[in-house]
Amino acid sequence: MSGIKKPILQMAGITKRFPGTLALDQVQLTCYPGKVHVLLGENGAGKSTLVKILSGVYTRDEGTIEFEGRQVNYTNVREAMAYGISIIHQELNLLPERTIAQNIYIGHEPRNQAGLIDYGKMVKDSRALLKNLGLDLNPDDYIKNLSIAQQQMVEVVKALSNRIKVLIMDEPTSSLTQKEIAKLFEIMEQLKKQNVAIIYISHRMDEIKRVGDQVTIMRDGKYIATLDAKTMDLDDAITMMVGRKIDNLYARSYNKPGKEILRTRDLKGLRFRNVNITVHEGEIVSLSGLVGAGRTEIAKALFGYDPIEEGGFQLFGEEIKKPSPKKCISRGMAFLPEDRKAEGLHLLMPIKENIVAACLKKDFPNFILNGKTEQTLGELYQDKLRIATSDVDKLVGELSGGNQQKVVIAKWLATSCKLIIFDEPTRGIDVGAKAEIYALMDELVSQGYGILMISSELGEVIGVSDRVYVMREGEIQAELSHESLTQENIMRYAI
Amino acid sequence: MIDYFKKNVDFLSRITILLIIVAGMSVINPPAFLNWNNLSTVMFQQAPFTILMSFGMTMAIITKGIDKSMASIVVLASMLSGSYFKNGNLAMGFLIALAVGAAAGLLNGTLITRVGVAPFIATYGTDFIALGLAYVVCAGRYIYDFPANFRVITNGCFIPSVPNIALVTMIIFILLWFLTRKTIFGRSMYLAGFNVDATILSGIDAKKVVTVVYTINGLLAALVGVLYMARLNAADPNISGNLCLDSIAASLIGGTSFGGGKGSVSNAVIGALIIVFIRNGMNIMNISTNWQQAVVGFVIIFSVFYEMAIGRLTKKRMG
Amino acid sequence: MKKRIVALGMVCIAVLSILAGCSNGSDKNTSSGDAGTAETKAVAGKEIVCIMKDNVTPFHLSVAEGCENAGAEYGVKITVQAPVSGAGGSNEEQAQLVEQAIASQADCVVIVPVDSEGIVPAIKKLNEAGIPVVNVNTKIAGTEAKYESFVAIENYQVGYQMAKALCEAMEGKGKMFVIEGTTGAQTSIDRTKGALDAIGEYPDIVVAAQQSATYNRAEAMNVVQNLLQQTPDVDAIFCCNDEMALGSAEAVNAANKTGEILISGVDGNADTLVAISEGSIYATCNSNPVGQGYYGVYEAAKYLSEGAADPTYAIETILITAENVSEFMD
C-alpha cells in the first residue's frame, strides 16, 4: 500500500539566501505518512537549513510548502508545531534540573480547574507516553541523571506529547552506542505504525538502508535526486553526494617521506584507545571517520590539552612525558583547532599580535616586547601567506574565514614547529580559499614539515592525504595509502 | 597625527570627559575649585589611593575576573604592620605589609586558577577573611599618631610641591604601564583575558599569569594600606569604606570591560580622577555626600553607553 | 604546585602568629564609677544578652566592657553580641541576634540599636516573648516597641554643649563646618540639632558647610580637605563624633593650619585625648561608654530583681579640653 498513500508534505522550489551565500537553491522534498525519509549530504549541503525552514526556525525566500494538501505559510516554531511538525535538534534541548515529566510537557503543561499546573496528571500522562514506546523510564527522574541516549528518548517523547504528524530528527545517532541506536530504531518503527512521517538526517551510510524508505540527496544547497532507499546503490549515492570536480582543487606533489616525526604507542584517552600512528617529514597523514569517532580527542591529547590515560608518543624520537601545549610547542608541534574562533584566535586583537602569540618566548627572549620586531614578523607572514589585509594592526575578527585560518597558520609557522596538526582546516571556508589552504599544506610538506590532518570532508581527505587512518568509535580501523583512497573504501571502515 | 588620534580615540575621549567635568566644576565655583591648591590636593593627595586600587582592579578585570578583596587587604596589611611603623621600624613594617598582601593575593590566584573557584567568589571569601582578621588584630584599639619619619612617605615632598604619595603613584604607574604594555607578561595577560583557551593552546601558562596578576593586586593593596596609614595618621579598620567600589567604578569609567581583555592602566588613572573630582566638586558645592553615590552610579552607566557608542563608531571606521 | 601550597601554608602560619601576638595586651580597665545599689540577691545566675552596635569601634567595645563589669559585680551571666559586618553595624544582623536571644530564652536583653526605626519589629518580638528590654545609647523609635529603661547621654544636649564650647572659644564670631555622622542615624540628627541651636544663639557665627562623613575618620579627612578649598578661613569644625574629629584634624594638618582651626568631637576616645593634649583638637566630651554599658546592665538587673527600672537614666558628660585632659588619660 506504500505507493498509494497521499503525501502528507510537499516542499517545492525552496530557496533561502543568507548574506553572501545561497544556502538553498530550488530544493524539493516529499514525505509520506508512516515512512522514513532520509536527507543525505555533506556538511554545508543545506540539510539543516531545509529542516529549519520546515520546522519554522527560518522562513523561506521562495518556494511552497503543502501540508495535507493545503498551502501553509507559518513563520515560527509554535505555528509549525500546531500543524503537527516537530523537530529534535542535534543538540538536546532539555532542562537538566527538571524531571522527565516536566520536560515532556514544557510549554504546554496540563492545568487543573484552578489554572495551576497539574503535576499528577502530567506524571500520569508521561508514564502512558513512555510505556506506549516501550520505554522503562520513571517520569519523576531528573534529566541530569539520564544517559545521553535516554535523554534522546525523552526528546522523542516530548515531540510526541504534541499531536504530531511529521517528526524531524537531525543526526540523532551521532552520540549513541550501537545498542542505543537499535533502541531508537525500534521507537521509529513504533512511530511509523502510528502513521508519523519521519525526516531523518544522518551521516551514517549504514543506517540508511536499515531505517530509510526514501532518500533525498543534496549537495551545495541544491537538490540532486530522490531514490528508493531499499534499492539504491550506496556508491552511487556517495558519488552524488560528494560529486564535485576534485582535480583542480587539490594540487599535490607527492614527495618521498623523510624521517619519522611522530610515533604513538597504544595511546588511550578521552574517546579513543589503542591508537598507533606515525607521521613523517614531507607527508600529510589524515585521520578520517565520522564525527565523534575520537579524532579531535587524539589531537588534543597529543598537544597536551586533554589527558592521556595510557600509552605515550615520541616526537622526533624523544618521548614526551606529561605533554602540555607549552612543552609540545617547544618540541616543535603545532595545533590548528577545529573551532578556530574559540580556540585558535584572539578575534579582538590585532593580526600581528595573534601571529606572535605562540612565539613570544622565542622571539623576545629578554621578556620585553619590541614593536618593530612584531611589525616585521606580522608583515613577513602577511606576505608569505598572502593574508588579505591592508594593515597587520587590524583586528583578526575583521578578516574572512580563509584569512583567519591563514593567521592561525602564520602563528604556528612563526614558532619553530615541524609537525602541524590541522583539525578541520577548511571548515566554514569558501572554495577559493580552500584551494589556497591546500596549496599551502602541500608547500609546507615540500619544505619538510609533517602534517596530521583531521577532516570530515571525504573529498579533502582523498585529495590531500599521503596516508589515511580510518577511525570508528575511538579505534583505528584501517591504514590506507593515497593510491587506494576512494570514498567507498574509507566509508567501509568508517561505518 | 590623525592616525594617532584614531588609534587612541578611546583614551583621548575619556580625557575629554574628565576635562568636561573639571570645566563644569570650574564654571560653577571657580574660586574654590579652579585653583592650583585645590587641583593639586585632589590629584596629589586624594586621587593616588583610588588610582593605585584601580590599577589592580583593572588588571583583574582584564583577565575576566574581579578583585573584591583588595580593600580588605589594605586594612589587614595596615593593621598588621601598623605597630612596627609606629615604633619606627619601617623596614619590618614594609616587609610585613607586603608579605600579607602577597600572601592574600597568592591565595586569590591559587583559588581561582588551581581550585577553579570563580574570581568573584574567591576574592569575596578572601575579603571576609582579611577584614575579619583585621578586626581581630585591632580589637577596637586603633594605632594613632605615627612618627614623622613614617608620615613623610605620604606627605613629604622629595620633589618640591609634589607630595611623595603622588611620586610613588607615578612610579607605580610607569612600572605597571611598562609591565602590561611592553612585556611578554602583559601581552599574556591580555591574551588570556580575550580568550583563555586560545591562549593556553598557544603555549602560554595562563594560570600562572592570572595568579601573578592577583599577587600584584595584593601587593598594591598592601602598599595602599601603608600609604593610607601615613596620610590618616592612624591604622583604622574602617578605611576600606569606598575603596573597593570606587576602584571598580574607576575601572568601568576608564573603559575596562567585564568581557575581558579590554582596558589599560592609563585609562584607570583617568577613571579614578573622574571619580575623585566628582567627590571633590560636590563637597565644595556643599551638596550632601549621599548624592555622590548617585552621581558616581550615573557616571558608570553613562560610561557604558558611551562605550557602546565608541564601539559603533570604531566599527564604522573599520568597515 | 605542591611547593606553592607549602609556601602558602607557611605564609598563613606566619600571619596567624603575628595576629596572635598583637591581639592581646590592649585591655584597659576603666572603672565604671560608683555602682549604685541594685538588689543583687535575686538576679544571680540570670542571663542578660547585650547586643552592641558593632564589634570594631572603640566606643562600642567600651560599652561592652561596661556591661561585663556590671555583670561581674551582680553575678549575672553577660553574653555580649554584635553584628560582625564592620563599623556602624547592621540592622539585619541585630534582628537575627535578637531572635537568637529569644530562642536561647535570655532573661533580659540590653540593646544599642544600629537603626532606631529598623529595630522596632525585633523589639516587638521580644515584647511578645515576654523578655524585658533595656535600651542603651540610641533611642528606639516610636511608642510601639516597649522597653523598661533608656540609658544614654542626651545627644541633643551633647551637641549643644560642644558647639557652645566652640562658639565661646571663637569669641562669638566666625565660620564653622558641621560634620554629621551617618545620614539618618538618630545620634547624628540629635547632636546636629543641638549644635545648630547653640550656633543660632551667636548671630555672628555662620555655618559655612554642613556635610556627612558617615562617622568615619578617612571619609572626614577627605570631606574636610575639600571643604577647606571652599572656605579656607574657617574658624571651627564641629564633628558628631571623635573619629571624624580626628580625620578633620589630619585634613587641617595637611593644610598646615593645625592650631588655627578649632575642632570638636564627641565620645572622648583615647586617640582624641592624645590629639587634645597635642593641640590638634580643641575639645571633646566624655560620653562615658563604659558607664553606658554599666548602667544598661544595672537597670536590667534592677528590673529583674525589683520588677521595675528607671524609665530613663541620663549618663553625665564632661567637657574635655587641654585644661583637664590629663585627668582622663591613662
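The notes below deal with the structure included here. Model, not experiment: these values are computed from the prediction.

In this section: the packing of helix α5 (residues 70–86) of chain B against helix α7 (residues 119–138) of chain B. All names here are of chain B. Contact pair α5 / α7: the axes reach a minimum separation of 8 Å and the direction vectors enclose 30 degrees. As the angle between them shows, α5 and α7 are arranged roughly parallel. Relative to α7, the crossing made by α5 is left-handed. Touching S72, I73, V75, L76, M79 and L80 of α5 are D127, A130, L131, L133, A134, V137 and C138, all from α7. Residues that form the contact of α5 with α7 fall into these classes: 11 nonpolar, one polar and one charged.

Where interface size is quoted, it is often the accessible area lost as the parts come together. The interface is formed by 24 residues belonging to chain B together with 31 residues belonging to chain A. For the chain B face of the interface with chain A, the top three residues by lost area are I184, R187 and L201 of chain B, together amounting to 34%. Summed over the shared surface of chain B and chain A, the result is two salt bridges. R187 of chain B is the partner of E353 of chain A in a salt bridge, and the nearest nitrogen-oxygen pair spans 3.5 Å. Put simply, the parts of the chain that give the side of chain B that touches chain A at least two residues each are α9 (164–182), α10 (184–194) and α11 (196–200) of chain B. Among the elements that line the side of chain B that touches chain A, the one with the most residues is α10 of chain B, at seven residues. Residue composition of the side of chain B that touches chain A, by class: 12 nonpolar, six polar and six charged.

All right, on to the interface of chain B and chain C then. Each partner contributes residues to the interface: chain B has 51 residues there, and chain C has 47 residues. Around 4100 Å² of area is buried between chain B and chain C when both sides are counted, 54% of it from carbon and sulfur atoms. By the criterion of area lost to chain C, the three top residues of chain B are Y142, Y144 and N283 of chain B, representing 16% of everything that side buries. Along the contact surface separating chain B from chain C lie one salt bridge. Here E250 of chain C and R151 of chain B are joined by a salt bridge, their closest N and O atoms 2.7 Å apart. The tally of links from chain B across to chain C stands at 18 residue pairs in polar contact (both at pLDDT 80 or more). Secondary-structure elements contributing two or more residues to the side of chain B that touches chain C are α4 (36–62), α6 (90–115), α7, α12 (206–232), α14 (265–284) and α15 (289–318) of chain B. Take the side of chain B that touches chain C: its biggest share by element is eight residues, from α6 of chain B. For the side of chain B that touches chain C, the class distribution of residues is 25 nonpolar, 19 polar and seven charged.

Analysis parameters
- Residues numbered from 1 in each chain as written.
- Chains lettered and ligands numbered in written order.
- Predicted model: local features only at pLDDT ≥ 70, side-chain atom pairs only at ≥ 80, totals over all residues.
- Heavy atoms only, no water.
- Axes fitted to C-alpha atoms, helices over the stretch in contact; angles between N-to-C directions.
- Helix = DSSP H or I, 4+ residues; strand = E, 2+ residues; numbered from the N terminus.
- Parallel < 35°, antiparallel > 145°, perpendicular 65-115°, else oblique.
- Left-handed = near helix turned anticlockwise from the far one by under 90°.
- Contact = heavy atoms within 4.5 Å.
- Nonpolar A, V, L, I, M, F, W, Y, C, P; charged D, E, K, R; others polar.
- Buried area = accessible area lost by both parts, 1.4 Å probe.
- Salt bridge = Lys/Arg side-chain N within 4 Å of Asp/Glu carboxyl O.
- Polar contact = N/O pair within 3.5 Å; in protein donor to acceptor, adjacent residues only side chain to side chain.

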